[in-house]
Amino acid sequence: MIYSATAMALILIGIYCIATKHNMIKIIIGIEIICAGVNLNFISLAWDGQQSDPLASSVVLVSIAIGAAIAAFALAFVMNAFKQTGSSDARKLRRLRW
Amino acid sequence: MSLFDLVLFPIVGAAGIVAISSVVKERGSLFGVFAIASLSFMAFTLFQTAGLIPSSYWIEGYPPPLGVVLYADSFSLFMVSLFVLMGIIVTLYSLKYMSEDSGLEKYYALLLLLISGLTGVAISGDLFTLFVFWELMCIASYALVAFRKDRWEPIEAGFKYLVMSTIGSLIALYGISILYGMTGTLNIAEIASRMPSSWTIEGYFSIAMIISGFGVTAAIFPFHSWLPDAHPAAPSPISALLSGVVIKAGVYSILRVLFSVLGPARYDFGTMLLILGVATMTVANLLVFPQRDIKRFLAFSSIANVGIIITAAGVAAYVAYHSPADIHVAYLALAGGAFHILNHAIGKGLLFLASGNFIHEIKSRDIVDLEGISKRMPYSAASFSLGALSLGGIPPLAGFWSKLIIILSLLYLSSAPLMVAVAVIMILNSLFSAAYYVWLIQRISFKPVKADGAKEAGPLMLVPVLVLAVLCVAVTLALPYFLDIVNSVANALLG
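Residues numbered from 1 in each chain as written. Chains lettered and ligands numbered in written order. Predicted model: local features only at pLDDT ≥ 70, side-chain atom pairs only at ≥ 80, totals over all residues. Heavy atoms only, no water.

(A) Structural context of the overall build of chain A. Check the secondary structure of chain A and you find three helices and zero strands. The C-alpha atoms of chain A give 17 Å as radius of gyration, which overshoots the globular expectation for 98 residues (13 Å, by more than 25%). Taken along the three principal axes of its C-alpha coordinates, chain A extends 55 × 25 × 20 Å. Here chain A holds 98 residues, and the buried ones make up 40% of them. Taking all contacts inside chain A whose residues are at least 6 apart in sequence as the whole, residues at least 24 apart take part in 57%. Distance between charge centroids for chain A: 27 Å, based on 8 positive and 4 negative side chains. (Helix = DSSP H or I, 4+ residues; strand = E, 2+ residues; numbered from the N terminus. Rg over C-alpha atoms; globule rule 2.2 N^0.38 Å. Buried < 20%, exposed > 50% of the residue type's maximum accessible area, 1.4 Å probe, protein only. Contact = heavy atoms within 4.5 Å. Lys, Arg positive; Asp, Glu negative; His and termini not counted. Charge placed at Lys NZ, Arg CZ, Asp CG, Glu CD.)

Here's what the structure looks like:
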């Protein structure tokens, strides 16, 4: 129960981080915090009182790898944005509006 | 031949392209032909599997519900055939359209990975496999949106797409983890059978997470704001693919999880889907008009069409929960929704590829610059008009029939005030979309010519457009055959 609550808190922290921070790297860190929260939730739900379900562990291992792939990819975006605007500030990327 | 081959062929093709590119440098069209070859193998496998549904596949020694399971019913195969069809057409189109870009081995490899991810989403039999293929699809499409990475627009649109879509996928995974906590398994059929027979609050929570998570990629209002940036920024063939099939994968995942896993008879998500669908199509249709950029115009129209599909699903779920006596209406509505998925994929693919022809020729996406282009590029403009009329819902073209089926299913339930309201809003929206598409056709066909030097596109870019235009008409001519297919899709979802 406490793990599920922590997982939810992590997800909310991550969303708050993405919504308020302007630095692109910090936005990516926010994404990774959400990722950690979801993984924690999976692991916490696998516990049935006596033992942990191995299915959840294998799922979380793959999910961590996917999270790393997304982070790597997002950092490549930051590099390209830095080459063009000379900063990693997401506010510089405001030319597209709805 | 098995289901596994369907996802294997494009992945092997992608690896092959990267391997060849280390020996043969800068031969874009060679990689393109290789990509078409591996997609054709995939289409061949698809024909062989088509007779065997429902079929499933798992790794030897790890039977369900333990390991990775692939499962295909008629809804899955319906989606996979759309993915392969659009994949082949778009690859063919890219041979010429992308020929001036560099790094084409990456382009075609990513295109194949995108098709593979889409296929995997459609044929996965457990929710985690679905998530893995989902991320494969997402990462490939981020890269393709930002393929021209030395310009500012693709990078900005791509980063926005990446952040929004990744949050969405993670929220959807959170919803999946709650389903896992409720039932202790991830296999779709197994979750459905272990689910408590009455509703629970966790179930509704996971529904909310799943709709808002996958809804980001499906571009449901209010999560649609990445789409009108990402579609114009991508190269035209990729816009066609994103609009035609990638957002449909989001719709597929929502429908699969809600209908096959949670069950419309147990949970009342119909009202939620109806509200979201109506809001999506209304907002998007209102935002189409101020657009001057032709690809943004088409992108907003894609959001409106997703709204129509979600509304159809909402009607089906609403009927199954509130008045099970009228269950045949639910089949009708879902068949209409599936038919609209098909019509929109073909029609919007056609519109994006044809507008790609214009953009390639006059190097501008502004509708004002495109005025009168049909005098210079008659075949592209004629195909474009055909697609626009179909999506605008002008009878007797394909888009009319799918909208008609959905509206008829709404009118069947005229005793419920909600349904009447939705029917009225949907009819108004259809008229509105017909109006703006006819207005667009008038701009490109009947105004004086702006771009005097424009010439008709070459055969490699014209053939895919013409094929899609013929398909648009063919769907109407073979209407009974397609209605059979979409009926079996509705049967697969409602059981």
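(B) Looking closely at the overall build of chain B. Each helix and strand counted, chain B has 18 helices and two strands in total. For a compact globule of 495 residues, the expected C-alpha radius of gyration is about 23 Å, and chain B comes in at 21 Å, within 12% of that figure. In chain B, which comprises 495 residues, the proportion classed as buried is 65%. Summarising the internal contacts of chain B: among those between residues at least 6 apart in sequence, 81% fall at separations of at least 24. Total accessible area on chain B is roughly 16100 Å²; 70% of this is exposed by carbon and sulfur atoms. (Areas by Shrake-Rupley, 256 points an atom, 1.4 Å probe, with all protein chains shown as cover.)

(C) Structural context of the interface of chain B and chain A. Taken together, the contact pairs 42 residues of chain B with 36 residues of chain A. When chain B packs against chain A, the two sides together hide about 3500 Å² of surface, and 78% of this comes from carbon and sulfur. Put simply, chain B and chain A have zero salt bridges between them. Linking chain B to chain A there are five residue pairs in polar contact (both at pLDDT 80 or more). Secondary structure elements with two or more residues in the side of chain B that touches chain A: α5 (127–145), α6 (152–183) and α12 (294–322) of chain B. (Buried area = accessible area lost by both parts, 1.4 Å probe. Salt bridge = Lys/Arg side-chain N within 4 Å of Asp/Glu carboxyl O. Polar contact = N/O pair within 3.5 Å; in protein donor to acceptor, adjacent residues only side chain to side chain.)

(D) Molecular detail of the confidence of the model for chain B. All names here are of chain B. Looking at chain B as a whole, its pLDDT mean stands at 87, while 100% of the residues score no less than 70. When the elements of chain B are averaged for pLDDT, strand β1 (residues 55–58) gives the smallest value, 79, and α5 the largest, 91. Scoring the predicted complex yields pTM 0.92 and, for the interface, ipTM 0.94. (pLDDT = per-residue confidence, 0-100.)

(E) Representation of unusual backbone geometry within the structure. All names here are of chain B. Going from F221 to P222, the amide bond is cis rather than trans, its omega being 5 degrees. Relative to the helices and strands, P222 resides in the loop between α8 (201–218) and α9 (227–233). Cis geometry is adopted by the peptide bond preceding P396, which originates at P395 and carries an omega value of 5 degrees. Tracing the backbone shows P396 in the loop between α14 (378–392) and α15 (398–412). Despite not being glycine, A219 has its phi angle at roughly 60 degrees, a positive value. Summarising the element assignment, A219 is placed in the loop between α8 and α9. Positioned with a positive phi, K363 is a non-glycine residue whose angle comes to about 55 degrees. Take K363: it is sitting in the loop between α13 (327–362) and α14.

(F) Seen up close, the pattern of salt bridges. Residue and element names in this part refer to chain B. Counted under the stated rule, the structure contains nine salt bridges over all chains. In this structure, R296 engages D229 in a salt bridge whose closest nitrogen and oxygen atoms are separated by 3.2 Å. In this pair, R296 sits in helix α12 while D229 sits in helix α9, placing the two residues 67 residues apart along the sequence. Both residues of the pair, R296 and D229, belong to the buried class. Ionic pairing is found between R443 and E371, a salt bridge with its closest N-O pair at 2.9 Å. Note that R443 is positioned in helix α16 (residues 417–446) and E371 in the loop between α13 and α14, a separation of 72 residues in sequence. The pair R443 / E371 is uniform in exposure class, with both members buried. In this structure, a network of salt bridges that share partners links the residues E153, D293 and R365.

(G) Structural view of a nonpolar patch on the surface. A cluster of nonpolar residues, V420, V424, I427, L428 and L431 of chain B, forms a patch on the protein surface that exposes about 430 Å² of accessible area. Along the polypeptide, I427 of chain B turns up in helix α16. (Patch = residues over 30% accessible without salt bridge, like charges linked within 9 Å, V, L, I, M, F, W, Y side chains within 5 Å.)

(H) Local environment of α8 of chain B. All names here are of chain B. Relative to the 26 Å expected for 18 residues at 1.5 Å per residue, α8 spans 25 Å between its end C-alpha atoms, a close match to the ideal helical length. By the criterion of burial, α8 is predominantly enclosed, with 13 of the 18 residues buried. A positive backbone phi angle near 60 degrees is found at A219, which sits one or two residues after α8. (Expected span 1.5 Å × (residues − 1).)

(I) Local environment of the packing of helix α4 (residues 104–123) of chain B against helix α10 (residues 236–262) of chain B. Residue and element names in this part refer to chain B. Close contact between α4 and α10 brings their axes to 10 Å; oriented N to C, the two are set at 20 degrees. Compared by their axis directions, α4 and α10 come out roughly parallel. For the pair α4 and α10, the crossing hand works out as left-handed. Across the interface between the two elements, Y107, L111, L114, I115, L118, V121 and A122 of α4 pack against P237, I238, L241, V245, V246, A249, Y252 and S253 of α10. Considered class by class, the residues forming the contact of α4 with α10 number 14 nonpolar, one polar and no charged. (Axes fitted to C-alpha atoms, helices over the stretch in contact; angles between N-to-C directions. Parallel < 35°, antiparallel > 145°, perpendicular 65-115°, else oblique. Left-handed = near helix turned anticlockwise from the far one by under 90°. Nonpolar A, V, L, I, M, F, W, Y, C, P; charged D, E, K, R; others polar.)

(J) Just the nonpolar core, in detail. All names here are of chain B. F78, Y107, Y108, L186, L258 and F259 are the most contacted members of the largest nonpolar core, which has 217 residues in total. Per-element accounting of this core gives the leading share, 19 residues, to α13. Leave out the neighbours within four places in its chain, and Y108 touches I17, G28, F31, G32, A35, T91, S94 and L95. (Core = buried A, V, L, I, M, F, W, Y, C linked by side-chain atoms within 4.5 Å.)

(K) The UniProt feature "transmembrane region" (unreviewed entry) in chain A, seen in detail. Residue and element names in this part refer to chain A. On the UniProt side, "transmembrane region" (unreviewed entry) is annotated at positions that read residues 27–47 and 59–82 here. Helix makes up 90% of residues 27–47 and strand 0%, whereas the separation of the span's terminal C-alpha atoms amounts to 32 Å. With 100% helix and 0% strand, residues 59–82 has its two end C-alpha atoms placed 35 Å apart. (UniProt positions renumbered as here; feature names shortened; annotations may be inferred.)

(L) The packing of aromatic side chains, seen in detail. Inspection of every chain in the model, using the stated rule, returns 29 aromatic pairs over all chains. A network of ring pairs unites the aromatic residues F73 and F77 of chain A together with Y142, F159, Y161 and W226 of chain B as a single cluster. (Phe/Tyr/Trp six-rings, centres within 6.5 Å; stacked < 30°, edge-to-face > 60°.)

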